[in-house]
Each structure stands twice: as C-alpha cells, then as structure tokens.
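# Analysis of the macromolecular model
What follows is each chain in one-letter form.
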Amino acid sequence: MRNWFCRKRWLLLVVLFMPTLAVADRVRIELHLMPPHLDPTLTPSATVSEATYNNIYQGLTRINRHGEVKPNLASSWEVSEEGRVYTFTLQPGVRFHNGQPFNAEVAAFSLERLLDPATQNPQRHLFAHIQEIQVVSLLRLQIRLQRPDNLLLFRLGLAAAVMVEPESADNNSRHPIGTGPYEFVSWLEGQPLELAAFQNYWGAQPRIQRASISFTSNRIELEASLSEGAIDLYPNISPLESVVRLASRGDYVLYDGLSEGQTLLAFNHQHPALVDRRVRRAINHAVDKKGLLDIYPKSNPPLIGSHFSPLHPAYLDLSDRYPYDPGKAKKLLAEAGYASGLELTFKVPPPLYARQASLHLSAYLEAVGIRLDVQRVSWSKWLDEVFYGKNYDLTVVAHVEPFDIDIYARDDYYFNYHNPGFDQLWKQIEQEQDEAKRNHLLQQTQLLLAEDAAHVFLHIKPQQSIRKKNLKGFWENSPVPAVILEELYWEN
Amino acid sequence: MSVLKYGLTTKIALLTLAVALVLMAAIALALFSFKQYRTTLNEVADRELQALMTATRLVQQAESLVNASAMLLLAENHFSRRQAVFEVEDRQEWIGRLVTDLSTYPGDQIDFQAIHQTKDELVGNLARMNTLVEERINLRADVYFRDRTSQQDLERLELIDAEIGEMIRANRELSQDLTVTVGHQVSLIRSSILSSVETINQGMTLRQTWLLYSGILALLVVFLTAFYINRSVVQRIINLQRALSLDRPRAQDVPVEGDDEIAWMAQSIHRYVNKINAHEGRIMEMNEELSFLATHDALTKLYNRHYFDRHLNQLSQKDESESFCIAMLDIDHFKSINDNHGHDAGDQVIRMLAEELKAALPEAAMVARVGGEEFAVVFQKLSLKTASQYLERLRLQIEQLPIHVAGVDLRVTASIGLAGYCQDRDLIACLKSADMALYEAKRLGRNQLVVHTISKEGK
C-alpha cells in the first residue's frame, strides 16, 4: 500500500515538473524569407530547404557541412563499372512521421514523382538522364542512367530529391511528413513554424527537442528581436547595420561563412533594351561592385564576374571584366540608342542584402541616366511575378543552389537567356567524364557568360551568421541551403 | 470477524494510512499550488508580458515613424529618399504585424479599428510625402543644373515645401494619437498583469493557510497514533510483564480485556498460568499423599511404626524436658479371628478398633499401629490418672463393641499396658515398661488395663 503511494507521488512530481524540463530544450531560429509552403520538391525557394532539409525531410544521400556526399536513407551503394547503374542499399527500420515505413518501393515512388513533369519539381532537369528506377528487393533500389553521371550522388542529396511518403506527399506543402529527426507541429498564420524531435527517428535523437523557426527580413523587427535576445540563431545577418554593435555585446557571436550564392543584378533578356549586349555591358560598367560591398559592415566577400563559385577548382576570376566606369557606361548606352535615358522596373525581393544592394544599385544606374521604378515585393510575390511570371526588367537576388550554372541552358528559366553556344557547351560538359577537360569546358562557360554580360555578377553572398554564444553545432558555411537542427546543441 | 482477527494490525495500518493521507494531501496541495503559481507566472511572462512588449514596441514605432518622415524630408537625393522610404516601409510593415499580434491578446481591448485608421492615414501621408520629395529632388536638380530657372518651377517648389510642412504637422498629431491609443492598451495590459498577480497572491495566501492546517492536522494524527500505540500496546505489555514477574503469578492478575492481538496473547498467558497453577496443585496433593503414606498405616490411617519411632525420637530431642505416658494395646486372641473368619475379617476388626481408638482418645494423643494387632498411644500433657481413665473407658467400649463381619457377630477384647511419667531421656525403658504392663495384663487374664508408674525423677 505504501509502495503504491510512493509510486503515485513520484508520478505526480514527474507530471508536474515536466513542462519546466521541456522549455530549456528549445531553439529559436530566424530565417530571412517566408517560405511559400513547406515542400522543397515543389519550389526553387531555398528558404523551404533551409527550414526542412534534413530536419523534416531526408534524401537517399546527404551533403554534409563540408559539401561532401554521405549516406543517409541509403546506407551504401554500388556503381557499375561503366558508371551507369547505381544500386542502393537502404537504411532498415526507417519510419515516416505518420508511422508509414520507408523502403525501396517508397524510394522509387519519390524518384518517379521527382521525374514526373506534372509535379513541377524545380530540379527535375538534374535527373532527366535517369532511364529506369527498379525495386530490387525491399531494401534495394537500382537506378539506371542514360549516361554516366558522377554528380548523381550529390544531386540525390539535394532538398529537391528528398524521400516522401505516397499517402501524404500531396499534402506536404501544408503538413510536411518526412523521415527526419524533427516532425512538423504547427505553422499558424503569423506564428513561427514549430518542430519537435521525432520520437521514432531511425538515427540518434537530436539534443534539442523543440525548434521554432520564424521568418522575417524586416530590418527594424530583426534589430529589435536580436537586441532583446529573442533570436538564438540568424544565419543571414551580413547586411544588418547594427551587426557591429551586436557583435560587441558578448551574448552573441558572429561567424563569417561563405555560401555558394552568386549575387546577381539579373536582367530579363526579353526586355527590348536588355536584349542588347551593349546595354547589358553599360550597366555592368555602371556598377561599382567593390563599393557595393559597403552594405556588409563586417565582412568582405569575394567579387565575381560570372555565375560560378570561387570554391570550385574550375573557377575563373572574371570580376574585373567590366571595371567601374560610368563614362563608358553612358557611352555604351548612347551607342545603343539610349542617350536620352532608359526606363526600367527594378523588383527587389525582401532579403536584407537585396534591400540594401537595391539602394546602391539604383543610385549607380540613375547616375548613368537610367530611370528606375523600384518596387519592393514580398517573397511570394517575387516568386510569382519574377521567377514564374518573368514579369520584371531588373532584380537583385542570390542564387544559393550549388553548381547551378546549367540554369543558363534552360529555356524556361526566368532570365529568358538564350545562347546556343552556351547550350552546346553545357551538353559537352554533361557528357565529358574527364575531370580536366570538364573543368576546361566549365571555364569556357564562365567566360562566355561574362563576355555576354548575361547579368551583373556582383559577389558571393556572405553567410555571416549570428548566434547565441552557447549554441553550438551550426553550419558556418552553407554548401547547400540548410539549417541542420540535428547538429545543434546548447553548451552549458 | 476478519477485521477482529487483525485488530491491532488493522488499526495501526489505518492510522498510518491516515498520516500518509494527510501528508499526501499536504504535499499534493503544495504541488498544486506551485503548479498554479507557475501557470500564472508563465501566462504573465509569456502572454501578458509579450502583449506589453508588443504594445510598447508599437508606441516606439509610432514615434519612430515621425523620425522617418523627418529623414524623408531631409532627403537631398533619391538614394537617401529611398533609404528613408525603405525604413518607413519596414516600420509600417512591422507596425501592421504588431497591431495584428496585439489584437489577438485575449484580455480587455481598445478599439483597433481606430489604430488601423490612424496608421493608414499616417502611411498615406508618408506616401504622399515621398511623391512630393521625389518631385522636389527632381525640380531642384532642374533648378540647379539648368541654365535658366523657370518661375513655374520655383513656385511649384514653394508649394511642395508648404505641403510637406503641413504633412509633418499632421503626422506628428497622428503619431501622438497612435501613441495615446496604444498607451491605453498598455495600461489595460498592465492592470491585467497586476490583477493576475493579485489573484495568485490571494490564492497563495489561502493555500498557505490550508498548508499550515494540514501540517497541524498531520502532526495531530501523528501524536494521536503515538498516544494510541502507547496506550493500546506499550502499557498493556508492561502490565502483562508486571503480572508475570510476580513470584507466584496468578491467573486473575493477568489483564485480558479487549479483543486484539495483545488481548489474545494475554488470554493465552492466562490459560498457561491457570494450567501451571493447576499442575502445581496436583503435585502438592500427590506430595501430601506420599508423605501421608510414609507416616501412616494404610489399613487404619493411624500413624505407622516408622512415624511412631520418629515421633518418640523428636520428643527425646526436645530442649525443654517434658514427661508423658505411653500405652500399648493388643487385640486378644486375634490369631483365632484370622484363622476362623479370614484375613479380611481380621483387617476389618483392626480397622474398627482403630476407629474406636481415635474416637475414644483425646485429640492430643498420638495413636499408631505398631504391629499386626498392636497399637501404641503417646499421651502428652496429661496426667497418668486421666490417661488410665481414657484407656479404661476405651477397653470397656471395645468389649461392648458389636462387630459384624463375614456374616457373623463377633466380640473382641483388648489388653492394655500403660507406662506413666516417662522422661525423654529413658524412652527405651518407658516403652519396655509399657510392654511389660501389657504382658502383665495378658498374663492376668486379658481384657484389662495394667498401669506401671515410673518415678518422676526417673527411678
């Protein structure tokens, strides 16, 4: 009888004190773009990937913090000698957040869905050479390619290729279901996205049990929230003016990381003026790329001259191809018939870097006689009007997807850039297996884009992050857009 | 019955349970109070404080909007104009979100319609100001860089400046309106926080009293339990022990009241004491019987020869010297009774004679059967004359005694020899003298008493 009471009392204590324990085990993350929804297989918006990749959803492979390919839902794989057949052995005992098991059938479903043009996967073109997907056994899956592709494993680790569960896949944009260490709790209007550690996760339980991810790029709000300590981690602080003051405060630490994000002043090549290379070159000369870096008070990212990451071995430094020269810009504009000026619409998405850069870019362009209609648009509006609608003249944006120079070979891409020479080069690159020859071809593409003045290639977007001093495990560089909650922990 | 059977155990278990229950109730009350306290505290911290923060930010942002309009006013080029506009837009967007956040606060609420309206007016003014400033910048550029200054431009500039001044004044008022309205919400939230704190404080005071009472109650129950255990267990065991530690415990001294384990034990002890005492009685009885048998003759229940000798021996060892008389008695012709009528008849005659002896002689006389048909009597503190009178009367009674044995009537006589005033120092001589007297009586024809006198001095 006694014993029974003792036990009951203990239970009572446990029940009463449980909420206290839960509160300490939480992280609040702020991301700068509001995702249109939560399904990374349906949008090119990197913010969806940042919130969900390897938190909610996982792929067959994963890209780690050093940009290396590691096993994930596929525990191992074999590649046939000619490089055209990949056989994956899948992780056993994996369950989706809705309780359904993960196996080769599900993996095949996910990949078929990715390849189906009807599902509108933004990275479908990366997998277009998959010839056949075959379920060998419950935990073995075979992918047959039309041609060898040494990037396949990397691509399978991208957020667009995550594994989804057939029953729930259509609903993922509102209620995401994956195999990852965190499951979706809620995402109410005006509230943060709430995630909680998934108790039946196949891997090790994460150390932080709950995560709140909110989204804003409002400078005023960010500065207030940061100064009040209401944000534990903000991965994109670089262009914030108060960063210097925050850095000297003691409770926050800053880290200068690099992303793969090429920041562009992008042209709509369909515009009658912008289709003229002289106008594009004029704008290139009008922009003081070095001066523009003033928008980052505490970091000094590398300048670029083409759509390519300086971290890649095939990188060619073309940042000086169009030196800052307003006189030359005016001359080129006059040559192209725009001596009396030119009117362009400049659509600015919400991120802070875009906001700050647009001020300077507008001033540069106005200085050479280009009149601008500057419009600040929300992220969903930018996706609708610029990315899908191609209804813009100029925009400023960072392309954070790694190694995405192939977008210039895509007819449907929002740049409206068409150059048969580039398409030709890209086809060669895809088929070239020799590393050195491939790199040489890649350098030619960079050169081609620079010569063509396809855009104003500004700089690599700095990935300056700010986080609470005792929050550890954050990816300081971003080889892929991701905030890996699983690796975060609070240090006492 | 089962409750009775486990009386004390049940009672103590119930008392323990009562203590445990009171303690549990006190602990539960304390925990519940903590929980409620924490819930309220969290609510104040999370919701009300958040709302207060939101409202405070809102006031701050409303004021900052006026600063932003000053920045806009000061813009000399499109860069600083855009910068000011961007900031205005950021603040406006955030103000919108803050107002939405605040309007979801569930407590008392002000009229948010008014806030929205003021905000929209403010934003509308700022947009208008932006257009004006843009135009002013362009006009000024025209004025400064053109060769000829147009009168129309100058007039327009003046108009613009006037309108901007008007807007700034309007904005200051709108911002003050906003500040005052939101300030009202701040005061509502503040009083809500204060009332939450007051409620929890009252609740806590009440709980404190309850907790104190339940503590006292628990203490009381503990004391009661101790008192009960002392009274119903310890004291009774002490009483039992006391009763048992007597030299000769008596059953009636063992307290057996009640109907519980100790009572049952006391009853067992009571039974044992009774049993032990009964056994002891039996042993005493047997001892008495044995000692009777050792000193008495089985047939007549008179003292036997052994006792007679011991008695005489004791008399002889007495410190204080005393004289006494000894008589010897023998049944006449007893052998013929045995021969003619059997030993049983003989035994009966002896028994009857022994009865007669006891009846006829004074109680102080010691009568013993010292041989088959021979008896001895010791008279103490009795004169020889009185002794001889007793004996003579006895002899006559025996003579007249009707004896009916083995279907026949018999008559017996006895011869008696009496020796008088024997001294303890010459017992043997005295006995011999009595024997001699008896022998003389026999010789003189039986059925008579012969008395031998011994001098008082011993010679």
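These numbers come from a predicted model, not from an experiment.

Conventions used here
Position numbers for residues start from 1 in each chain and track the written sequence from start to end. Here every chain gets a letter starting at A, and every ligand a number starting at 1, in the order they are written. Confidence filtering applies because this is a predicted model: local features only for residues at pLDDT of at least 70, side-chain atom pairs given and counted only at 80 or more, and all residues used for totals across whole chains, interfaces and linings. Excluded from the side-chain calculations are hydrogens and water; all other atoms, namely the structure's heavy atoms, are used. A pair of strands counts as paired when DSSP detects no fewer than two bridges linking them. Strands here are runs of E lasting at least two residues and helices are runs of H or I lasting at least four, both read from the DSSP assignment and numbered beginning at the N terminus. Only the contacting stretch of a helix is used when fitting its axis, a line to C-alpha atoms as for every element, and angles between N-to-C directions run 0 to 180 degrees. A contact between two residues is defined here by any heavy atoms of the two lying within 4.5 Å. What a helix should span is 1.5 Å times the count of its residues minus one. Think of it in three bands: with a 1.4 Å probe and only protein chains considered, a residue is buried below 20% of the maximum accessible area for its type, exposed above 50%, and partly exposed in between. Here the arc refers to the set of directions running from the helix axis out to each C-beta atom. Here a cavity denotes grid points, spaced 1 Å and computed from the protein atoms alone, that fit a 1.4 Å probe unable to get out, and a pocket denotes an open set having protein on both sides within 12 Å along at least 5 of 7 lines; residues with an atom within 4 Å of a point are the lining. Grid points are joined across faces, edges and corners, and a volume is the space filled by probe spheres set on the points. When residue character is reported, Ala, Val, Leu, Ile, Met, Phe, Trp, Tyr, Cys and Pro are called nonpolar, Asp, Glu, Lys and Arg charged, and the others, Gly included, polar. Nonpolar side chains (Val, Leu, Ile, Met, Phe, Trp, Tyr) are joined into patches within 5 Å and like charges within 9 Å, using only residues with over 30% relative accessible area and no salt bridge. Only the protein chains shown count as cover for residues, with accessible areas throughout obtained via the Shrake-Rupley method and a probe of 1.4 Å. Whenever Lys or Arg places a side-chain nitrogen within 4 Å of a carboxyl oxygen from Asp or Glu, that contact is recorded as a salt bridge. Only four residue types enter the tally: Lys and Arg on the positive side, Asp and Glu on the negative side; His and the chain ends are excluded. Think of each charge as sitting on NZ of Lys, CZ of Arg, CG of Asp or CD of Glu. In the analysis that follows, any N or O atom pair within 3.5 Å is treated as a polar contact, provided that within protein one partner can donate a hydrogen and the other can accept it, and provided that, for residues neighboring in sequence, both atoms belong to side chains. For classification purposes, an angle smaller than 35 degrees is called roughly parallel, one larger than 145 roughly antiparallel, one from 65 to 115 roughly perpendicular, and anything else oblique. Residue-level confidence of the predictor, termed pLDDT, takes values from 0 up to 100. UniProt positions are given in the numbering used here, feature names are shortened, and annotations may be inferred rather than shown by experiment. Each of two parts loses accessible area, computed with a 1.4 Å probe, when they are put together; buried area is these two losses added.

What follows concerns the sheet that holds strand β7 (residues 449-453) of chain B. Residues and elements named next belong to chain B. The 5 strands are arranged β2-β3-β1-β6-β7 in an open sheet whose pairing can be described as mixed. With partners counted over all chains shown, the strands left at the sheet margins are β2 (366-369) and β7, one partner each. Each strand axis lies, on average, 15° off the axis of its neighbour in the sheet, ignoring direction. Strands β1 (323-331), β2 and β3 (374-380) of the sheet are contacted by helix α7 (residues 305-317), whose axis makes an angle of about 25° with β3. On top of the sheet, helix α9 (residues 343-360) reaches β1, β2 and β3; it is set at about 10° to β3, its chief contact.

Further remarks concern helix α10 (residues 384-400) of chain B. Residue and element names in this part refer to chain B. Over its 17 residues, α10 extends 24 Å from the first C-alpha to the last, a length consistent with the 24 Å expected when each residue adds 1.5 Å. Looking only at α10, the buried set comprises L384, A387, S388, L391, L394, R395 and I398. Viewed end-on, α10 has its buried residues packed into an arc of 120°, placing them on one side of the element. Looking at α10, the residues exposed on the side facing more than 90 degrees away from the buried face are K385 and Q400.

Moving on, we get to empty space enclosed by the protein. Residues and elements named next belong to chain A. One pass over the structure, following the stated rule, counts 6 cavities of 30 Å³ or more. Empty space within the largest cavity amounts to approximately 340 Å³. Together, 28 residues line the largest cavity, and A46, W379, A398, V400 and E401 are the ones closest to its centre. For the lining of the largest cavity, the secondary-structure elements that each account for two or more residues are α2 (46-52), β12 (252-267), α11 (379-388), β15 (394-399) and β16 (456-468). The element contributing the most residues to the lining of the largest cavity is α11, with 4 residues. Counted by class, the lining of the largest cavity contains 16 nonpolar, 8 polar and 4 charged residues.

So, on to a negative patch on the surface. Residue and element names in this part refer to chain B. Where like charges cluster on the molecular surface, the negative patch consists of D120, E121, E173 and D177. The set of elements that each furnish at least two residues to the negative patch consists of α4 (112-145) and α5 (151-244). Of note, E121 is situated in helix α4. Looking at E121, the relative accessible area reads 43%, which means it is partly exposed.

We now examine the side chain of A:T43. Residue and element names in this part refer to chain A. Examined against the element boundaries, T43 turns out to sit in the loop between β1 (26-31) and α2. At a separation of 3.0 Å, a polar atom in the side chain of T43 contacts the main-chain amide nitrogen of S45. Setting aside chain neighbours within four positions, we find T43 in contact with P36, H37, V48, P122, L383 and Y388.

Moving on, we get to the packing of helix α2 (residues 7-74) of chain B against helix α6 (residues 261-295) of chain B. Residues and elements named next belong to chain B. Across the interface, α2 lies against α6 with an axial gap of 7 Å and an inter-helix angle of 155°. As far as their axial angle goes, α6 and α2 are roughly antiparallel. Where α2 approaches α6, its residues G7, L8 and T9 are matched on the opposing element by E261, I262 and W264. Counted by class, the contact of α2 with α6 contains 3 nonpolar, 2 polar and 1 charged residues.

Residue and element names in this part refer to chain B. Across all of its chains, the model carries 46 salt bridges over all chains by this definition. In this structure, D339 and K335 form a salt bridge, with 3.4 Å as the shortest nitrogen-oxygen distance. Here the residue D339 and the residue K335 both occupy positions in helix α8 (residues 334-341), the gap between them amounting to 4 residues, near one helical turn. A relative accessible area of 53% places D339 in the exposed class. Of the charged contacts, one joins R395 and E399 as a salt bridge, the two residues approaching to 4.0 Å between their closest N and O atoms. One end of the pair is R395 and the other is E399, both in helix α10 and 4 residues apart, which spans about a single turn.

This paragraph deals with the confidence of the model for chain A. Here chain A shows a mean pLDDT of 89. Residues at 70 or above account for 95%. Contacts of residues 1-23 of chain A to residues separated by more than four positions or lying in other chains number 16 contacts, the stretch itself having pLDDT below 50.

What follows covers a nonpolar patch on the surface. Residues B:L212, B:Y213 and B:I216 make up a contiguous nonpolar surface patch of about 340 Å² in total accessible area. Checked against the element boundaries, B:L212 lands in helix α5.

All right, on to the UniProt feature "transmembrane region" (unreviewed entry) in chain B then. Residues and elements named next belong to chain B. Under the UniProt annotation, the feature "transmembrane region" (unreviewed entry) is placed at residues 12-32 and 210-229. Segment residues 12-32 splits into 100% helix and 0% strand. End C-alpha atoms: 29 Å apart. Spanning residues 210-229, this segment combines 100% helix with 0% strand, and its end C-alpha atoms are found 28 Å apart.

Our focus in this paragraph is the confidence of the model for chain B. Where the model shows low pLDDT, its predicted coordinates should not be examined in detail. Mean pLDDT over chain B works out to 83, with 95% of the residues at or above the 70 mark. Prediction confidence for the complex, expressed as pTM and ipTM, is 0.68 and 0.79 respectively.

Every contact between the two is made by 26 residues of chain A and, on the other side, 24 residues of chain B. Together, the buried faces of chain A and chain B total about 2,500 Å²; carbon and sulfur atoms form 63% of this surface. Summed over the shared surface of chain A and chain B, the number is 7 salt bridges. Residue B:D90 is joined to A:R355 by a salt bridge in which the shortest nitrogen-to-oxygen separation is 2.7 Å. Here chain A is connected to chain B by 12 residue pairs in polar contact (both at pLDDT 80 or more). Sorting the residues of the side of chain A that touches chain B by element identifies α1 (2-23), α5 (219-227), α10 (352-367) and β14 (370-376) of chain A as the ones contributing at least two each. Here the side of chain A that touches chain B gets 8 residues from one element, more than from any other, and that element is α1(A). By residue class, the composition of the side of chain A that touches chain B is 12 nonpolar, 6 polar and 8 charged.

What follows is about the packing of helix α3 (residues 78-103) of chain B against α4(B). Residue and element names in this part refer to chain B. Between α3 and α4, whose axes approach to 11 Å, the crossing angle comes to 175°. On the basis of the axis angle, α3 is roughly antiparallel to α4. Here α3 contributes H78, R81, V85, V88, Q92, I95, G96, V99, L102 and S103 to the contact with α4, which in turn contributes F112, I115, H116, K119, V123, L126, N130, V133, E134, I137 and N138. Of the residues contributing to the contact of α3 with α4, the split by class is 11 nonpolar, 7 polar and 3 charged.

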